[in-house]
Amino acid sequence: MSNVTGIVRRWGLLVLAGGLIMGLSLGIRQSQGLFMLPISMGMSWSIEEVGFAFAIQNLVWGLTQPFTGMLADRFGSARVILFGVLIYAAGLVAMANSPELTLFNINAGVLIGVGLAGTAFGVVYGAVSKIVPHADSAWAIGAVGAIGGLVQFLVVPLVHQLLNSHAWDGTLIVLGVLFAVLGPLAFLLRTKRADESVDNHGDQSMSDAISEAFRHNGFWLLNLGFMACGFQLAFLAGHVPAYLVDRGLPLSVGGTAIALISLTNIAGTFVFGYVGGSIFRRKYTLSFLYFCRIAAMITFITVPLSPVSTYIFAAVIGFLWLGTVPLTSGLVAQIFGTKYLTTLFGFVFFGHQLGAFLGIWLAGYVFDTTGSYNLIWWVAIAAGAIAALVHMPINDRVVMRTKTTEAYST
Amino acid sequence: MSKRISVSSIATFWVIALVVITAIVYGFRHYLDPVFVFSYAYAMKFCG
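Note that the structure is a prediction, hence the values are computed from the model and not measured.

1. Quick notes on helix α4 (residues 77-96) of chain A
And then number 1: The end-to-end C-alpha distance of α4(A) is 29 Å, a good match for the 28 Å that 20 residues give at a rise of 1.5 Å each.
And then number 2: Summarising burial for α4(A): 14 of the 20 residues are buried, a large majority.

Structural data, given as structure tokens:
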């Protein structure tokens, strides 16, 4: 316990700041669904038109993540996180004041998409991995994920309550102000600029680092695995609540399932963040996680649907929900080092968002054409199997650049 | 070599535990609201 107390004393504030910013960023995004009906009715826009802005947001988030990563590696994470918080907050306030649909698409899609790229996993995990020494980093990464998960769990019902008391536009402004107030916490996540870093990169430039990663088979396998993760999570988050309601389960069962996913995600993110690297090899932990997801999905769709089977599935899948993120980020750091981690993770995350886009769209398309989610469940299971298998052959040794650099310097 | 754990550490631990439990209970109660469940389930199909 005294060891844990020491780690908390050393890194507690940094972990709290990272968790709060990441949790609020992801929590507000997760609660956007609750705004759809009120905005649609208030502005006389169709649900599809409002939903299109959120689809743009997902793509913008994925497309801009490599660039916010480059900026974070080049100029330090704190500035990028602060910029992300401010642009996110501005996007929320601007959403509340969008008189026409095009402007709403720009505010909700572009501003908040860029804000997410500056405040969510990529930059925050990157900062923590750079700041916290290796001995304490597994704990710190796990704890940031857990605090983020708890905040996310709380933001969704908080937004629901705010919507009842402040209407949709007032709620967006409250959230924007709340996030902006937390902005200065970004300074607790100050990292060195790339030109000050003393990681084992010698004088490697950013373009060299990107080209090195693109030539590494493992980088593409990680991309493929993370794309499958995005596909699965987007399908599960987007369609399973509706699946439960459509299959006639009481609304209270659906609500409990959503809460269980969010709650066990807190524990899962901590556990996978902690054990990956400190106890087990990350690539095998990732394979294990994907195999567990497959087992959970096959069991859920083959046993008769009941409240008990739903609760068990929700608890298990929630535990396996975001554990992939610290493991994938950790694997990128393990292979390529931390100097350009945020940039390289940004490219991997682009694959995740591409998968997420496909997951949401394909699930809706399959349901509309076949009247059932059966086919898409099996596609998600197959995607999981691919992800589980592609992580195994990844060469997770540190790239040989270190020795080359030393050889040149001696 | 065992170190004594200070009273403030124990107090901090229990305060954090209490805050987390309260947060979970608060959140869980809201997740059971049928209006919340319906609007969440309906809209998530469009924004994932």
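From this point, things continue past the structure.
2. With respect to the interface of chain A and chain B
And then number 1: With 42 residues of chain A at the contact, the number on the chain B side is 29 residues.
And then number 2: Buried surface at the junction of chain A and chain B, summed over both partners, amounts to about 3,200 Å²; 75% is from carbon and sulfur atoms.
And then number 3: For the pair chain A and chain B, the interface holds 0 salt bridges.
And then number 4: Here chain A is connected to chain B by 4 residue pairs in polar contact (both at pLDDT 80 or more).
And then number 5: When residues of the side of chain A that touches chain B are traced back to their parent elements, those giving at least two are α1 (2-30), α2 (33-43), α3 (47-75), α7 (134-182), α9 (217-246) and α10 (251-278) of chain A.

3. A word on the domain arrangement of chain A
All names here are of chain A.
And then number 1: Taken as a whole, chain A is organised into domain 1 (14-194) and domain 2 (204-396).
And then number 2: Between the C-alpha centres of domain 1 and domain 2 there is a distance of 20 Å.
And then number 3: Facing 32 residues of domain 1, the contacting portion of domain 2 comprises 29 residues.
And then number 4: Approximately 2,700 Å² of surface area, both sides summed, lies buried where domain 1 meets domain 2, with 76% of it carried by carbon and sulfur atoms.
And then number 5: At the boundary of domain 1 and domain 2, one finds 6 residue pairs in polar contact (both at pLDDT 80 or more).
And then number 6: Looking at the side of domain 1 that touches domain 2, the elements with two or more residues in it are α3, α6 (121-131) and α7.
And then number 7: By residue number, the principal contributor to the side of domain 1 that touches domain 2 is α3, which donates 12 residues.

How each quantity is defined
Residues numbered from 1 in each chain as written. Chains lettered and ligands numbered in written order. Predicted model: local features only at pLDDT ≥ 70, side-chain atom pairs only at ≥ 80, totals over all residues. Heavy atoms only, no water. Helix = DSSP H or I, 4+ residues; strand = E, 2+ residues; numbered from the N terminus. Expected span 1.5 Å × (residues − 1). Buried < 20%, exposed > 50% of the residue type's maximum accessible area, 1.4 Å probe, protein only. Contact = heavy atoms within 4.5 Å. Buried area = accessible area lost by both parts, 1.4 Å probe. Salt bridge = Lys/Arg side-chain N within 4 Å of Asp/Glu carboxyl O. Polar contact = N/O pair within 3.5 Å; in protein donor to acceptor, adjacent residues only side chain to side chain. Domains from an automatic or database assignment.

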